[in-house]
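Topology and contacts: notes
These are the residues of each chain, in order.
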Amino acid sequence: MVDLPHYWGIEDLPSNFSLIKIINLTPHNNSKNGFSRRDFIKISGLTSIAALVLPETVVAAIGSQEAVGKVKFLEQTLPVLNKCDVLIVGGGFAGVTAAKTFAKSGASVVLIERRIFLGREVTATCRPWINHDGLSREKLPEAIQSCIESTIEQPGNEQTLLRFNHVKLALEDELVNLGVEIIYASYPIQLIAQKEKLQGLVIGNKSGRQAILSKMIVDCTETASVLRLSNIGFQRPMPGLSAFTRTLEFIQIKPLSNRSLAVPVELKMKDNRVLIQQGYLGQNHYYVDCTMDFSAAGFEVESTIDREKEAWKRSMAVTKHLFENVPEFNDALLASSSYSLAGIYCAQMNKPDNGLLLALPEGQLKLNESDPVSVRSFASTYKNLWCINEAARVSPETVKMLLSPQGACSVAEALSQYLVNNWDLLAASGLPKTQGLSIRVKRDNNSKIQEQVSPQKGRAYEQMEVSAQEIPFLNEVDILVVGGGTSGATAAIVAAESGKKTMVVDMNPGFGGTGTYGGVFDYWGHGNYKGFVARHIKNMDKIHGYVQNCANRYIEWVRPFVTWNVQGKMFMLLDEIEKAGAQVVWNSIVIGNIMDGNKVTGAVVATPQGIVAVKAKVVIDATGDGDVAAFAGAPFVFGSSSDNVPMWCALCKTSPPGITETAFQSTVDVSNIHDYTRAVMVGLRSGKQKHDHYPYLAPRESRHILGDVVVTMTDHLVMREWEDVINIHYGNCDIKGYHSSDWLRMGLIPPNVEIEIPYRALVPKTVENLIVVGKAFSANHESSATVRMQPDLENLGGIAALAVVFALDTGVSVRKINVAALQKLLVQKDLLPSSVLERNIKSKTYSSEELEQLIKKFNPEKSLHSYSDMELGEYWTERIPLVEVCTSPPALAIPALEKALKESSGKMAVRIAQALAMLGSESAAQTLHNEIMSQLQGNKLPELLVSVKWSDLKKTPPDQAAIPPCGNLIYSLGMTRSKLLIPVLKRVAEIFNPTEIGEFYTNQFGLFHYIDAVSYGAQLLGSTEAIEPLKKLHTNKFLNKRSLKMGIEENFIMERQALLELILGRALARSGSVEGLEILVEYLDDVRAVLAGFANSTLIKITGKDFGKNQTEWKKWIQSNVVGFKPQPLAERIDG
Amino acid sequence: MIRLMIFVLLSMINPMGINLAFRSQLREVNTIIHKISDENDPLSSDEIIEQRDENGVPVWFYRDFFKQVCTDSTCKMARLRIYWDGAGNYNKFQLIENEPLTKTDHSQFTLADYQKLNMILADTGSILKDLKMDELIVKNEDNRQVDAVTKPTRPSFTQYLVPDAAYTCYTLWHTTYGVTRDSILSFLDQMADANFLKKVLQTNESNKTLWGISFIDRHADFQASFCDSILNLVNAANQTISRKAFDYFLHKQIEVPEIQQKLTSRVELFPRNYQLELVQRLSKMSNIDNGAFLNFINAYIKGQLDAGMLKSVFETTRPTDWNDKDLINSLTLLSTDKNPFVREMVKKLPVVNGKKN
């Protein structure tokens, strides 16, 4: 008998379970977990400088309620990310214009933006049009002019229609061309001040915290994020109502003649109407402005999010109404909606000390004839901190002007020019002294907050000492779910429904992560549709009753699988989270953990309203990147174990509106803010003519947090059973990118198998009170290609939440829960088959005779990759003879294979030789060598002639392990570590002669894999004889000097060629060539962080030295070690 | 009906605005017949007809084709006339009355299909360029991505093709960019002399001017004499011409000091993106002409160049001689400039106020 606490859906439990606690859940009652608006949060809205507040004002409020305590960033050094004259915070039209004005004046400018795109007033609000307000189009501000496309037919001279993607790109290009450095996905955290002037700003992002030193800061955020960090204080919000607009984008609407539509009073739209705006695509493309009145409750975290959530709900009710009652909308597709509301996000700031104001040079902005505005209205308590947002002390008319793109541009241009003209008086005279370059950041061991200490491993940054910072608590919860994506949203629903006080923090303005803003709109044919997934499907069916399921309507071939409308799915998840009673904190990221020893007890969250802390009994890391676990010090592997290269990432495109296209082509290190920004900019340029890109960079892979067990591809192939299985995943081997699996190298692409996930893979080593879900759980690079499918990760999130609830209710740590009891519950929930409760797992061992029989079952007439030739939905259940043999003890398997090899010939001998090679036996070498050399007799490298499932001949390698068969054999020969590789390597070098870059684009030619295969063999062999042919390959112009030192490279094939150059460099170094080390050193400062990381980790592995990414030091070491530098064969092959 | 429809369609999409009346008038003035040998296409006409304007500059070329156009299983002959403009770029096609193009299901092309075909043929970089014909359709064994339709077009290609007319599109694209076009380009090369090039550059027609600049780029003999003409085109109102002219200089010409001087002396006339590209191009050279460097400074002093651009010049390029008197004088002037950022920039240069930093 097992005692069970109360769980989501516990009513399904059999009666023989005794429940220790019964809570009468009312599923749709928001306050059931103590989360009513009033008593939900015990927080501080007040910062440490509350004493300066004027009686009628409040200081920068973050939360709305009283503090229960604070946690502290101790005084410490931070890496200096940039030094500049002017730091612009906020990339709306005001920020862009200010940045341009300063840059044109010759200032060095950095612009940070918390989103990953610019032009907020048009893009984030989903309002891609400009009302001219009496101006002719030619008179619109320069920043807006740059956003206008000549190819769009304009409706007259009263209004200009825009295209989102063009707006984002045009603004970005303008800044890049002016030398402005853009940093995305970063939040202001703390001011660096000295007396009356600022000297910089601390920002927070997925890389932790960094300092940006600057002589002046201009706050252009709609939330006045920088001003909130100062002691200026704000007026109380105006009483009465404020209008906010949430805009919906539709296509497939029948032509509408009205500019507004009446809607029923219960929809709570302003004046009971919605406004209609035609889109640039013409007669079937419209935007619907849903303007609503909200009482001015405040601008702190919760009331802002409450308002946004309510706006979501009301606008979806409008969608339903339009679909059901307005004939023109009968066929409409809801394509997109606002990420932010159009409206005011901050109160007016207080007046600083009169003396300070009077010390400022007078100036007036002549924004219109009748209402000149004093520049002092934009001044703060620091002479060099100014704002261009609604916090300015200006009239309501000027506030209105600031809300419009053209008004924001006009104010920004005029004010920035004033600041330039008075620079000597206003700006800091110089930048503060730093502590010099250092790779390692000094941190106080007494700190309760743990964070990522440097944006890039091994890179030296100047260090800046910053003062301590107190962080108010926003809340104390039972379960904090970090990341509301594929796993996290379900985890939050399940945790809250189980009666636990739950908070979910997400970086996006909506839930679903990869399954919504990441551009994935279907379960494809993967995964298990049971359990929580079945519930989501049912809920989506209801929503698809009034929101068209875009996938079914628009894609060229209709997939026989579950699909959804991305907007609909986001709303469904929000609705479920709300009904469950979890607190939502979105548009925010976790930048550090609160720790008690090795226990995670909370998190530090950067929000647009400031930095807050959250206490939690248990944290679920659903970031997908393992951010929380990594901050806490859990061990992890980034990308593949052998070289830390992840699969490609994607910034999803939409074209036409609402129809997603994902193109996974480049790599990103999400833990490096430079690289994150670079990848976003590359992604945005992939599909310039598309309608838009989503606001979330979706990495297929980043960190794999190591648990006590790591799931591998070998586990998939042997269909490994685990005692502590808690979920069963299913999918094909969807490896999009470089891989380091010997199974794939030899040509064996796994079939569609069910994969058991052990509970231990969710619990990180060394860290307590933390569970990891999403694609970052403990599965290696090759395994993650299969186990990361949407439905499986959704269920995994829910299962993890159940486990955490179980731990809390039984008073044990998540590491020590009774997994058997959890499994029983999962069986009840239809998430596990009942057989897991009864089975007796034994590892299968074969006798020599059995192995001989298995070898006879090898079928060389079938290619190894044909195991993957399965339709989605088909399950592979048989044992694969070759796998069974190759995973048997070598002492038994090798003799059996050698015997069979002697008795075989032709294709069978080659197949047996490949199996021997897999076991590292050199006895396979001659057979493989002979076969390869016979295939290399022509003057061209043999091509891939048959498509691999899901990756046809035209796709770009490396993709889905589509490798020419001869390449597979070369990989196998390499595994034998035989010198017979040398003649093969020489022959490949002789006939490898691409003359056009186009030859690298297709699987058919397989060029990527030929280089990788010979390099892999050379690595394992470690022979100086490999140097000459490897050098010859390196002389090819496509594989030479591919490093990129600055800027961005839009063409992804260049990155792949650079990766090949690194692969060659590594092979050369392992063969004893100093030139190989020099190639690697050349990449240490490559702007593509994954490549720089590859170079760095390889240099460390080969030399045993660690000079970080300091090229000078590495060069010095190489100089002094030229003589005597010896081959160093790769000792261990990775278990793929 | 079809003929009328096609005529209307092609008039709409014809960028040169050629109509039948105009053509017949020109025919009386200057029509040239070129005989060609096209062994692979013996059924089509062996003549390319060229029409020239009153200055002797080609207006268009055409050739009549009699092509075998196949669907998935049946082949049919199609008569059509393809036009190229005076620079050898695809212009339009015409069909014989009552002989419309048809699709796999034997239905006739619609107006939208003709429009799409026209767009496909106008696309010089079409995906059809590198494909083999049998790659366009889904083979039976590879039919897993679509509903069961007999040999449908591959889903990934449908946006590039007229629905159910993959082979037709393929055949006509390769006809348009095959032997005939090569011959036309060859005629143009043979015609080119200084007089002809001068007239071509004066047409203010994008395609012809682009061809003229490309020709000069390929023939060094003409470069000196046409330098100023092309320089003037950098400021042409026509963006395509302007871009081509600017790229012409940035490609190689800029390595000549005189060209650097000429370009920088007009820098204030260039849009900012051109200015930036010019600086970036100059930054790739170890040194630039002193006069060119001074031209940038003078443009700033006159208020014709923004300080941000001057900063790029200072940070990324180096004059040949820092000790040049004029340069020192200009930098001295800048060291007291009212713009604080400019004063800072000058401090970082090797020479300020006549002294080495």
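All values derive from a computational prediction rather than experimental measurement.

Residues and elements named next belong to chain A. Among the secondary structure elements, Ser1043 is positioned in the loop between α29 (1027–1034) and α30 (1052–1070). Within the local environment of Ser1043, its side chain forms a polar contact with the backbone oxygen of Glu1082, the two atoms lying 3.4 Å apart. Within the structure, Ser1043 has its side chain in polar contact with the side chain of Asp1086 (distance 3.1 Å). Setting aside its immediate chain neighbours within four residues, Ser1043 contacts Glu1061, Glu1082, Tyr1083, Asp1086 and Arg1088.

With that settled, consider unusual backbone geometry. All names here are of chain A. Put simply, Ser655 and Pro656 share a cis peptide bond, and its omega is -10°. Residue placement: Pro656 occurs in the loop between β34 (649–654) and β35 (660–661). Note that the residue after Pro957, namely Pro958, is joined by a cis bond; omega there is -5°. Tracing the backbone through its elements, the reader meets Pro958 in the loop between α25 (925–935) and α26 (965–975). For Asn587, which is not glycine, the phi torsion reads 55° and is therefore positive. Along the chain, Asn587 turns up in the loop between β29 (583–585) and β30 (589–596). If you check the backbone angles, Met719 has positive phi at about 50° while not being a glycine. Secondary-structure assignment places Met719 in the loop between α15 (713–717) and β38 (725–731).

Glancing now at the pairing of strand β5 (residues 90–95) of chain B. Residues and elements named next belong to chain B. Burial runs high along β5: six of the six residues are buried. With five bridges connecting them, strand β4 (residues 75–85) and β5 associate as antiparallel partners. Paired with Ile82 across the bridge in β5 is Phe93. A loop of four residues connects β4 with β5, the two strands running antiparallel in sequence, and Gly88 in this loop sits at a positive phi of about 85°.

For the rest of this paragraph, the subject is the packing of helix α24 (residues 906–918) of chain A against α25(A). Residues and elements named next belong to chain A. Close contact between α24 and α25 brings their axes to 8 Å; oriented N to C, the two are set at 125°. Between α24 and α25, the angle falls in the class oblique. Remark: the crossing between α24 and α25 carries left-handed chirality. Of the residues in α25, those touching α24 at Ala909, Val910, Ala913, Gln914 and Ala917 are Thr927, Leu928 and Glu931. Across the contact of α24 with α25, the residue classes tally to five nonpolar, two polar and one charged.

Below, the discussion takes up the confidence of the model for chain A. When the pLDDT values of chain A are averaged, the result is 91; 92% of them are 70 or greater. Between residues 1–61 of chain A, whose pLDDT stays under 50, and residues either more than four places distant or in other chains, the model counts 160 contacts.

Looking now at the packing of aromatic side chains. Centre-to-centre distance and the angle between the planes together describe a pair of aromatic rings. Taken as a whole and judged by the stated rule, the model has 39 aromatic pairs over all chains. For the pair B:Phe246 and B:Tyr274, a centre-to-centre distance of 4.1 Å together with 5° between the ring planes defines the contact as stacked. Highlighted residues: B:Phe246 in helix α9 (residues 239–251) and B:Tyr274 in helix α11 (residues 272–283), separated in sequence by 28 residues. Residue B:Phe246 shares its accessibility class with B:Tyr274, and that shared class is buried. Put simply, the rings of B:Phe196, B:Trp211, B:Phe215, B:Phe222 and B:Phe226 pair up and form one aromatic cluster. Here A:Lys862 stacks its cationic end above the ring of A:Tyr867, 5.8 Å away from the centre of that ring. The ring of B:Tyr62 has B:Arg81 lying over it, and the distance from NZ or CZ to the ring centre is 4.0 Å.

With that settled, the discussion passes to the sheet that holds β34(A). Residue and element names in this part refer to chain A. Spatial ordering of the open sheet is given by β35-β34-β36, a layout of three strands whose pairing is antiparallel. Looking along the sheet, the strands with just one partner apiece sit at the ends: β35 and β36 (692–699). Pairing of β34 with β35 involves two bridges; the strand directions are antiparallel. Pairing of Thr654 across the sheet is with Thr660, part of β35. Relative to β36, helix α14 (residues 673–685) is tilted by about 140°, and along the sheet it contacts β34 and β36.

For the rest of this paragraph, the subject is the pattern of salt bridges. All names here are of chain A. For the structure on display, the rule yields 77 salt bridges over all chains. Where Asp575 meets Lys579, a salt bridge forms, and the shortest distance between an N and an O atom there is 3.0 Å. One end of the pair, Asp575, and the other, Lys579, are both in helix α12 (residues 566–580), four residues apart, so they sit about a helical turn from each other. In this structure Lys579 comes out as partly exposed when scored by relative accessible area, which is 26%.

A few words on the sheet that holds strand β16 (residues 273–278) of chain A. Residues and elements named next belong to chain A. Pairing is antiparallel across the open sheet formed by five strands, whose spatial order is β15-β16-β17-β14-β18. Of all the strands in the sheet, just β15 (260–262) and β18 (333–337) have a single pairing partner and so form its edges. When the angles between neighbouring strand axes are averaged without regard to direction, this sheet yields 30°. Pairing of β16 with strand β17 (residues 286–295) involves four bridges; the strand directions are antiparallel. If you follow Gln277 over to β17, its bridge partner there is Tyr287. Here helix α4 (residues 301–325) sits on the sheet in contact with β14 (241–251), β15, β16, β17 and β18, set at roughly 135° to β17.

Here is what the cut-offs are and how they apply
- Here, residues in each chain are numbered from 1, in the same order as that chain's written sequence.
- Written order decides the labels, with chains lettered from A and ligands numbered from 1.
- Local features in this predicted model are restricted to residues of pLDDT 70 or higher, and side-chain atom pairs are both shown and tallied only at a pLDDT of 80 or more, whereas totals for entire chains, interfaces and linings draw on every residue.
- Think of the side-chain values as coming from all heavy atoms in the structure, minus any hydrogens and water.
- Numbered from the N terminus, helices here are DSSP runs of H or I no shorter than four residues, and strands are runs of E no shorter than two.
- Here a polar contact is taken to be a pair of N or O atoms separated by no more than 3.5 Å, where protein atoms must pair a possible hydrogen donor with a possible acceptor and residues adjacent in sequence count only if both atoms sit in side chains.
- Any two residues whose heavy atoms approach within 4.5 Å are treated as being in contact.
- Three exposure classes are used, based on accessible area relative to the maximum for each residue type with a 1.4 Å probe and protein chains only: buried under 20%, partly exposed in between, and exposed over 50%.
- When DSSP finds at least two bridges between two strands, those strands are taken to pair.
- Axis angles are defined between N-to-C directions and span 0 to 180 degrees, where every axis is a line fitted to C-alpha atoms and, for a helix, only to the segment in contact.
- Orientation labels follow simple angle bins: below 35 degrees gives roughly parallel, above 145 gives roughly antiparallel, 65 to 115 gives roughly perpendicular, and whatever is left gives oblique.
- Two helices cross in a left-handed way if the nearer one is turned anticlockwise from the farther one by less than a right angle. They cross in a right-handed way if the turn is clockwise.
- Three classes are used, and their members are as follows: Ala, Val, Leu, Ile, Met, Phe, Trp, Tyr, Cys and Pro are nonpolar, Asp, Glu, Lys and Arg are charged, and the others, Gly among them, are polar.
- The pLDDT score gives, residue by residue, the confidence of the prediction method on a 0 to 100 scale.
- By convention, a stacked pair of Phe, Tyr or Trp rings (six-membered ring in the case of Trp) has centres within 6.5 Å and planes under 30 degrees apart, an edge-to-face pair has planes over 60 apart, and any other such pair is tilted.
- We call a charge positioned over a ring when the NZ of a Lys or the CZ of an Arg lies within 6 Å of the ring centre and within 35 degrees of the ring normal.
- The term salt bridge refers to a pairing of a side-chain nitrogen on Lys or Arg with a carboxyl oxygen on Asp or Glu at a separation within 4 Å.

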